[in-house]
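# Working through the structure, step by step
What follows is each chain in one-letter form.
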Amino acid sequence: MYAQEVKSTGKAVKSLEEMTPEERVFQTRIDADIKIEPKDWMPEGYRKTLVRQISQHAHSEIVGQLPEGNWITRAPTLDRKAILLAKVQDEAGHGLYLYCAAETLGVSRDQMTEQLLAGKAKYSSIFNYPTLTWADIGAIGWLVDGAAIMNQVPLQRCSYGPYSRAMIRICKEESFHQRQGYDIMMKLVKGTPEQKAMAQDALNRWWQPSLMMFGPPDADSIHSAQSMAWGIKQNSNDELRQKFVDQTVPQATYLGLTVPDPDLKWNEEKGGYDFGEIDWNEFFEVLKGNGPCNKERMEARRKAWDDGAWFRDGLMAHAEKRAARKIAAE
Ligand code: 3HC
């Protein structure tokens, strides 16, 4: 297992011989597919990696509501509006399950939010792109939620119990999200030439950012080797990206749309598509805060946090009063 993981990412992890006795017992448990639960001993690096990944995932779900929320008032029919509302609410729910899963690792939701607002925690690069037309809502459901499912189905088998269990429900809901996106695209490609052109334009703009969602190439992925050895990630970034391309290209063909990649070509030998170079410079710029909507997204989160201060203060004051009453009654 180890040799294979090191090969796929090109990075080394500690061998069993190099581990402390506690680490060895922990790793043996992971290799035997036994879940790690909150009160079990775990290496500090494992805990930190999970807090980093789960909180980033939670922030992505919450920030991910913004580009789509932008279209709730402008959805073309009442049905589409109801479906989009339900989807955006699902994303809020996913954020909550994930914050709860991270809280089991000893970090509070407030601390995670403060890390996001201070620029110390990330959220997915994909949510820094604008939703310019209704077709973007179709493309997000089809491609962005499609990529999310590809990445998140293996996370159901993550070695950390609370994260893996949260992912089961999230994946079920993401499947509905992907289907609703594809359904929007189907409708548009069967519509007027202008509507079909709108669908193609959305695919053109969302294709590369969707491929970037899987993270940097394996050779540049800092965490993959260790996360795979710890059973947090089951697959490398490039493996999942390849699976996504192989699954999505036939879906584009069925829609009668063209994937915006002149180098895209079926490779019989590998049984998958070869595809063109991704603009990694753009990816790293977005991560640095220089994407088209980074500032807008962070401003929205900051405003929500500030606007909610009175409510958090009210909850704390209420809890303190109750605690004081309880002490007085004892
Ligand atoms: N956006 C922003 N940052 C990214 C990124 C992306 N698409 N891909 C990688 N990064 C960051 C990593 O966080 C890491 O930075 P850090 O050290 O400051 O945390 C750095 O780039 C190097 O990447 P690695 O490959 O070493 O990082 P990971 O091993 O953590 O892999 C990942 C990245 C595949 C995104 C992994 O963290 C993961 O699987 N996360 C869980 C899923 C998730 O967060 N999905 C968000 C997608 S959106 C979503 O779910 C909403 C849905 O409704 C659409």
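Each remark here, short or long, concerns the structure printed above.
Presented here is an overview of the structure given in this document. (Residues numbered from 1 in each chain as written. Predicted model: local features only at pLDDT ≥ 70, side-chain atom pairs only at ≥ 80, totals over all residues. Heavy atoms only, no water.)

Once that is clear, we can look at the pattern of salt bridges. Tallied over the entire structure, the rule returns 16 salt bridges. Its salt-bridge partner being E285, residue K288 comes within 3.0 Å of it at the nearest N-O pair. Of the two residues, K288 and E285 are both situated in helix 12 (residues 280–290); the distance of three residues between them amounts to about one turn of the helix. Look at E285 and you get partly exposed, because its relative accessible area is 26%. Residues joined by salt bridges that share partners form a network here, namely E68, K87, E91 and D145. (Salt bridge = Lys/Arg side-chain N within 4 Å of Asp/Glu carboxyl O. Helix = DSSP H or I, 4+ residues; strand = E, 2+ residues; numbered from the N terminus. Buried < 20%, exposed > 50% of the residue type's maximum accessible area, 1.4 Å probe, protein only.)

Counting across every chain of the model gives twelve aromatic pairs. Note on F26 and Y46: the rings are 4.8 Å apart at their centroids and 75° apart in plane angle, and the pair reads as edge-to-face. Of this pair, F26 sits in helix 2 (residues 21–31) while Y46 sits in helix 3 (residues 44–63), placing them 20 residues apart in sequence. Summarising the burial analysis for this pair, F26 and Y46 share the class buried. Summarising the aromatic geometry, the rings of F283 and F284 are spaced 5.0 Å apart at their centres and angled 75° between planes, so their arrangement reads as edge-to-face. Note on F283: relative accessible area 5%, which makes it buried. A residue is classified by how much of its surface remains accessible, and F284, at 36% relative accessible area, is partly exposed. (Phe/Tyr/Trp six-rings, centres within 6.5 Å; stacked < 30°, edge-to-face > 60°.)

So, on to the site of the ligand. The full set close to the ligand counts 33 residues, and E91, K122, Q152, S221 and H223 are the nearest of them. Interatomic distance of 3.2 Å between a side-chain N/O atom of E61 and an oxygen atom of the ligand. Separating an oxygen atom of the ligand from a side-chain N or O atom of E174 is a distance of 3.1 Å. For the ligand, whose free accessible area comes to 1000 Å², the fraction covered by protein is 91%. In terms of residues, the shell around the ligand owes the most to one element, helix 3, which gives six residues. (Near = heavy atom within 4 Å. Polar contact = N/O pair within 3.5 Å; in protein donor to acceptor, adjacent residues only side chain to side chain. Areas by Shrake-Rupley, 256 points an atom, 1.4 Å probe, with all protein chains shown as cover.)

Assignment of secondary structure puts Q180 in helix 8 (residues 161–189). Judged by its relative accessible area of 7%, Q180 is buried. A distance of 3.3 Å separates the side chain of Q180 from the backbone oxygen of H177, its partner in a polar contact. If near-sequence neighbours (up to four positions away) are discounted, Q180 is found in contact with R80, I83, K87, I137 and G141. (Contact = heavy atoms within 4.5 Å.)

A separate point is the nonpolar core. Side chains that are nonpolar tend, in soluble globular proteins, to be buried together. Ranked by size, the top nonpolar core spans 51 residues in total, and within it W142, L143, W206, W207, F244 and L255 carry the most contacts. At the level of elements, helix 5 (78–103), helix 6 (109–117), helix 7 (134–152), helix 8, helix 9 (193–212), helix 11 (237–255), helix 12 and helix 13 (294–307) are the ones that each hand at least two residues to this core. The dominant element in this core, judged by the number of residues it contributes, is helix 7, at ten residues. Leave out the neighbours within four places in its chain, and L143 touches L203, W206, W207, S210, F244 and T248. The next biggest cluster of nonpolar side chains, apart from the first, holds 26 residues, and it includes I30, M42, Y99 and I170. (Core = buried A, V, L, I, M, F, W, Y, C linked by side-chain atoms within 4.5 Å.)

This paragraph deals with the environment of S227. On the secondary structure map, S227 appears in helix 10 (residues 224–229). For S227, a relative accessible area of 1% translates into the label buried. Residues S227 and L50, spaced 177 residues apart in sequence, show a C-alpha to C-alpha distance of 8.9 Å. Excluding its chain neighbours within four sequence positions, the residues that come into contact with S227 are T49, I232 and K233.

Quick look at helix 6 now. Since the α-helix packs 3.6 residues into each turn, any two residues three or four apart lie on the same face. If you check which residues of helix 6 are buried, you get M112, T113, L116 and L117. For helix 6, the angular spread of buried residues about the axis comes to 135°, placing them on one side. Turning to helix 6, the residues buried within the fold contact helix 3, helix 5 and helix 13. Phi turns positive, to about 80°, at G119, one or two residues after helix 6. (Arc of directions from axis to C-beta.)

Let us look at the environment of A148. Its location among the elements puts A148 in helix 7. Along the backbone, A148 and E174 are 26 residues apart, and their C-alpha atoms lie at a distance of 7.6 Å.

Moving on: unusual backbone geometry. The residue D33 is not glycine, and still its phi comes out positive at about 65°. Among the secondary structure elements, D33 is positioned in the loop between helix 2 and helix 3. Residue classification places D33 among the exposed positions, given a relative accessible area of 66%.

Together, W310, F311 and L315 line one region of the surface with nonpolar side chains, adding up to about 390 Å² of accessible area. Mapped onto the elements, F311 comes out in helix 14 (residues 309–329). (Patch = residues over 30% accessible without salt bridge, like charges linked within 9 Å, V, L, I, M, F, W, Y side chains within 5 Å.)

Moving on: the packing of helix 13 against helix 14. Interaxial distance between helix 13 and helix 14 falls to 4 Å at its minimum, and their mutual angle equals 40°. Contact residues: helix 13 offers W305, D306 and D307, while helix 14 offers A309, W310 and R312. Class assignment for the residues of the contact of helix 13 with helix 14 results in three nonpolar, no polar and three charged. (Axes fitted to C-alpha atoms, helices over the stretch in contact; angles between N-to-C directions. Nonpolar A, V, L, I, M, F, W, Y, C, P; charged D, E, K, R; others polar.)

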